[in-house]
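Chain residues, written in single-letter form:
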Amino acid sequence: MKTLQGTHCYLRALEPEDIDHVYRVENDEGLWSVGETLVPFSKYVLKEYLANSHRDIFDVRQLRLVICDSTSHSFVGLIDVFDFDPHNLRAGIGIVIAGEEHKRKGYATESINLLKNYCNTHLNLHQLYANIEEDNKASISLFEKAGFELIGIKKQWRRKRSLTTGKESYINELLYQHIF
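Attention in this report is confined to the structure presented alongside it. Source: prediction; values computed, not measured.

**Points about the overall build of the chain**
Then step 1. Secondary structure summary: the chain contains six helices and seven strands in total.
Then step 2. Ordered by position from N to C terminus, the α and β elements of the chain give β-α-α-α-α-β-β-β-α-β-α-β-β.
Then step 3. At 16 Å, the chain has a C-alpha radius of gyration in line with the 16 Å of a compact globule built from 180 residues.
Then step 4. Projecting the C-alpha coordinates of the chain onto the three principal axes gives extents of approximately 50 × 35 × 35 Å.
Then step 5. Here the chain holds 180 residues, and the buried ones make up 42% of them.
Then step 6. For the chain, long-range pairs separated by at least 24 residues make up 61% of all intrachain contacts whose partners lie at least 6 apart in sequence.
Then step 7. Each charge sign in the chain was given a centre, from 22 positive and 25 negative side chains, and these centres are 3 Å apart.

**Structural notes on the side chain of Arg 64**
Then step 1. Among the secondary structure elements, Arg 64 is positioned in strand β2 (residues 63-69).
Then step 2. Here the side chain of Arg 64 touches Glu 26 through a polar contact of 2.6 Å, side chain to side chain.

**Here's the deal with the pattern of salt bridges**
Then step 1. Applying the stated criterion across every chain yields a total of 12 salt bridges.
Then step 2. Between Arg 12 and Asp 18 there is a salt bridge; the shortest N-O distance is 2.8 Å.
Then step 3. Judged by its relative accessible area of 22%, Arg 12 falls in the partly exposed class.
Then step 4. In the salt-bridge network here, residues are joined through shared partners; they are Glu 133, Asp 135, Lys 154, Arg 158, Lys 160 and Glu 173.

**With respect to the nonpolar core**
Then step 1. Core analysis: the biggest nonpolar cluster contains 32 residues, and Ile 79, Ile 93, Ile 112, Leu 115, Cys 119, Phe 143 and Phe 148 have the highest contact counts within it.
Then step 2. Among the elements of the structure, β1 (9-13), β2, β3 (75-85), β4 (90-97), α5 (107-121), β5 (127-133), α6 (137-145) and β7 (168-179) are those that each provide at least two residues to this core.
Then step 3. Of all the elements, α5 adds the most residues to this core, at seven residues.
Then step 4. In terms of nonpolar packing, the next biggest core, distinct from the first, is built from 13 residues, Val 22, Val 25, Leu 46 and Val 96 among them.

**Examining the packing of helix α1 (residues 19-26) against helix α3 (residues 43-51)**
Then step 1. As a packed pair, α1 and α3 sit with axes 10 Å apart at the nearest point and diverge in direction by 120°. It follows that α1 is oblique to α3 by the angle criterion. Every pair of crossing elements has a handedness; the one defined by α1 and α3 is right-handed. In this structure, α1 uses Ile 19, Asp 20, Val 22, Tyr 23 and Glu 26 to contact α3, whose residues at the interface are Lys 43, Leu 46, Lys 47 and Leu 50.

**Brief notes about the packing of aromatic side chains**
Then step 1. Under the defined criterion, the tally for this structure stands at three aromatic pairs.
Then step 2. Ring centres 5.0 Å apart and planes at 85° place the aromatic pair Phe 58 and Phe 84 in the edge-to-face group. Of this pair, Phe 58 sits in helix α4 (residues 57-60) while Phe 84 sits in strand β3; the two residues are 26 residues apart in sequence, bridging distant segments of the chain.
Then step 3. The exposure class assigned to Phe 58 is partly exposed, which follows from its relative accessible area of 44%.
Then step 4. Ring centres of Phe 82 and Tyr 129 lie 5.9 Å apart, and the angle between their planes is 85°; this geometry places the pair in the edge-to-face category. Highlighted residues: Phe 82 in strand β3 and Tyr 129 in strand β5, separated in sequence by 47 residues.
Then step 5. Residue Phe 82 is classed as partly exposed on the basis of its relative accessible area of 23%.

**What about unusual backbone geometry?**
Then step 1. Of note, Arg 104 is a non-glycine position whose phi angle comes to about 60°, a positive value.
Then step 2. One non-glycine residue, Asn 124, lies in the positive phi region at around 55°.
Then step 3. Residue placement: Asn 124 occurs in the loop between α5 and β5.

Here is what the cut-offs are and how they apply
- Residues numbered from 1 in each chain as written.
- Predicted model: local features only at pLDDT ≥ 70, side-chain atom pairs only at ≥ 80, totals over all residues.
- Heavy atoms only, no water.
- Helix = DSSP H or I, 4+ residues; strand = E, 2+ residues; numbered from the N terminus.
- Rg over C-alpha atoms; globule rule 2.2 N^0.38 Å.
- Buried < 20%, exposed > 50% of the residue type's maximum accessible area, 1.4 Å probe, protein only.
- Contact = heavy atoms within 4.5 Å.
- Lys, Arg positive; Asp, Glu negative; His and termini not counted.
- Charge placed at Lys NZ, Arg CZ, Asp CG, Glu CD.
- Polar contact = N/O pair within 3.5 Å; in protein donor to acceptor, adjacent residues only side chain to side chain.
- Salt bridge = Lys/Arg side-chain N within 4 Å of Asp/Glu carboxyl O.
- Core = buried A, V, L, I, M, F, W, Y, C linked by side-chain atoms within 4.5 Å.
- Axes fitted to C-alpha atoms, helices over the stretch in contact; angles between N-to-C directions.
- Parallel < 35°, antiparallel > 145°, perpendicular 65-115°, else oblique.
- Left-handed = near helix turned anticlockwise from the far one by under 90°.
- Phe/Tyr/Trp six-rings, centres within 6.5 Å; stacked < 30°, edge-to-face > 60°.

This is the structure in structure tokens:
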């Protein structure tokens, strides 16, 4: 059984050739609030990151995988395991599908299910969690469809700034959990 291979997509390790895709995702200001980033990343920094991406999850406490289309083998997005806690057997999960042409085609759902299977089978995790801004209806629907349950609300947890108006506000963050 291949835990990282699905019907429509598969997950694989980062490669140096992914630099342009990772650069585009990491420097998309619309995603910065999700990753809690405030500054752009240079290609130099990302090349160093890619060069060290082979390090063991037990050492760096995170794992980033590339989502690829099963037919064309093209880059679809990224899926992350972060805050890996080998003592309590839990970790966070994050996902980004790059480009409108890849959205609403089932890649995200299948990728989350592949990652859940991998985390349960190979990392022996007891649970995964996801932090989702309350206005991100697509992610809420995605994680609920993947079997995650809403377990908490962090009130006014994230400060958001509109890229168009510059207006700042605070938004609740929802905590979703999946227990194996």
